[in-house]
Amino acid sequence: MKKRDRIQREMALEKANVLMEAMPWIHQMNGKTLVVKYGGAAMENEDLMREVIADLELLKLMGMNVVLVHGGGKAINKLLTALNIPTKFKDGLRVTDDATMEAVAEVLIGKVNQQLVWALNEYGHNAVGISGADGKTIKCEPIDPDLGRVGRVREVDTSLIKSILDDGYVPVIASVGCGPDGLFNVNADVAASEVAIALKADKLVYLTDVDGLFADVDDPDSLVSGLSKAETHELLESGRLTTGMIPKIRSIANALDAGVPQVHILNGTFPHSLLLEIFTDSGIGTMFTQD
């Protein structure tokens, strides 16, 4: 046998082995509901975004019900800078006055949501873009007067989301909610958690620009591969989390408390991280489980 033929056969065998490893996971996840929160640098780079969208399309073709919830913090910051509107945060949440709320809605609903819908549709699977305000899907109340129009999720009405899923489409949800007097800015991590809870999702995945949760943020070798629900609550109470990570971990704990079986933090800038986590034995990132 020629060397080239042997190499090609070995490559084909390797691909077959990958499929065999994935087979039980594919069978297990068929028909299950996956909520993916998408944000960070993975959403800023078009090449990276196409890879993530391709992964979502493949998951859909494998029989999963895929729901995409997105933020767009970096794009919002750019617009606020261009408009000379100061950016302020409190406890990891964006202080949102009326002018900031207009910018948030313009970016999330008018730009980012449409970009993601267009990208999914280019891959051949029709997506439907909505915000949490459409159909009063995400109903909010103010969290704190100092935060302005930042909403605490009071209720998620899944009617519109389920209708989109039942028709065979992928719902793409911008993290904007509705309140008694207009739109509210909802932290995308929180929105994804609440949507996963309301849908009784089987998995909730946070695709961001970090590898996962680190025991020491300054030590790249301290990645935590897994935490139980009890350990997640202990971490929240420990005071060791950075300000920006607190809303994410709090939303993860909330999802686990409500019965979501598994939650993951993955690096969306790593090629096919979503597929590696779901369909391989080793997985990557940090997985949070009930026990």
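Before reading further, recall that the structure is shown in the block above.
Position labels on residues start from 1 in each chain and follow its written sequence. The predicted nature of this model means local features are confined to residues of pLDDT at least 70 and side-chain atom pairs, given and counted, to a pLDDT of 80 or more, with totals for whole chains, interfaces and linings taken over all residues. Computation of side-chain values covers all heavy atoms of the structure but excludes hydrogens and water.

Visitor: Lay out the pairing of strand β1 (residues 33-38) in plain terms, naming residues and giving numbers.
Guide: When accessible area is computed with a 1.4 Å probe and restricted to protein chains, residues below 20% of their type maximum are described as buried, those above 50% as exposed, and intermediate ones as partly exposed. Only DSSP runs of H or I reaching four residues or more are called helices, and only runs of E reaching two or more are called strands; each is numbered from the N terminus. For β1, the buried fraction is high: 6 of the 6 residues fall into the buried class. Where burial is concerned, the two faces of β1 agree: the one with T33, V35 and K37 and the one with L34, V36 and Y38 are both buried. In this scheme, strands are said to pair when DSSP sees at least two bridges between them. With 6 bridges connecting them, β1 and strand β2 (residues 65-70) associate as parallel partners. For L34, the partnering residue across the bridge sits in β2 and is V66. Bridge count for β1 against strand β11 (residues 203-208) is 5 bridges, and the pairing is parallel. Opposite V35, over in β11, you have L204 as the bridge partner.

Visitor: So what about the environment of L235? Which residues, and what values?
Guide: Position of L235 among the secondary structure elements: in helix α7 (residues 229-238). The class of L235 is buried, set by a relative accessible area of 10%. Here the alpha-carbon distance between L235 and A253, two residues 18 residues apart in the chain, equals 10.0 Å. What makes two residues a contact is simply this: any of their non-hydrogen atoms within 4.5 Å. Sequence-distant contacts of L235, that is, excluding residues within four places in its chain, are made with L213, L227, R240, L241 and I249.

Visitor: Please provide a residue-by-residue account of the pattern of salt bridges, values included.
Guide: Here, a salt bridge means any Lys or Arg side-chain nitrogen found within 4 Å of an Asp or Glu carboxyl oxygen. Under the defined criterion, the tally for this structure stands at 8 salt bridges. Notably, a salt bridge pairs D189 with K37, separated by 3.2 Å at the nearest N-O pair. Of this pair, D189 sits in helix α6 (residues 188-199) while K37 sits in strand β1, and the two are 152 residues apart along the sequence. D189 sits in the buried class, given a relative accessible area of 7%.

Visitor: Can you lay out empty space enclosed by the protein for me, pointing to particular residues and giving the numbers?
Guide: Think of a 1 Å grid over the protein atoms and nothing else: a 1.4 Å probe that fits but is trapped marks a cavity, an open set flanked by protein within 12 Å on at least five of seven lines marks a pocket, and residues with an atom within 4 Å of a point count as lining. Grid points are joined across faces, edges and corners, and a volume is the space filled by probe spheres set on the points. Under the defined criterion, the tally for this structure stands at 1 cavity of 30 Å³ or more. Size it by volume and the largest cavity reaches roughly 50 Å³. In terms of lining residues, the largest cavity is bounded by L48, E51, V52, D55, L207, G268, T269, F270, P271, H272, S273 and L274. The set of elements that each furnish at least two residues to the lining of the largest cavity consists of α2 (46-61) and α9 (273-279). Among the elements that make up the lining of the largest cavity, the one with the highest residue count is α2 (4 residues). For this classification, the nonpolar set comprises Ala, Val, Leu, Ile, Met, Phe, Trp, Tyr, Cys and Pro, the charged set comprises Asp, Glu, Lys and Arg, and every other residue, Gly included, is treated as polar. Tallied by class, the residues present in the lining of the largest cavity amount to 6 nonpolar, 4 polar and 2 charged.

Visitor: Which residues make up the layout of surface pockets, and what are the values?
Guide: In this structure, the largest pocket encloses a volume near 770 Å³. In terms of lining, the largest pocket is formed by 32 residues, of which the most central are K37, G73, F89, N187 and D189. The set of elements that each furnish at least two residues to the lining of the largest pocket consists of β1, α3 (73-82), β4 (93-94), α6 and α8 (246-257). With 4 residues, the top contributor of residues to the lining of the largest pocket is α3. Tallied by class, the residues present in the lining of the largest pocket amount to 12 nonpolar, 13 polar and 7 charged.

Visitor: Pulling in residues and values, what's your account of the packing of α7 against α8?
Guide: Every axis corresponds to a line fitted to the C-alpha atoms, with the helix fit spanning only the stretch in contact, and the corresponding angles, defined between N-to-C directions, vary from 0 to 180 degrees. In contact at an axis separation of 10 Å, α7 and α8 are set at 150 degrees when each is read in the N-to-C sense. Remark: the crossing between α7 and α8 carries left-handed chirality. Of the residues in α8, those touching α7 at K229, T232, H233, L235 and L236 are I246, I249, R250, I252, A253, L256 and D257. A class-by-class count of the residues in the contact of α7 with α8 yields 7 nonpolar, 2 polar and 3 charged. The hand of a helix crossing depends on one turn: near helix anticlockwise from the far one by less than a right angle means left-handed, and clockwise means right-handed.

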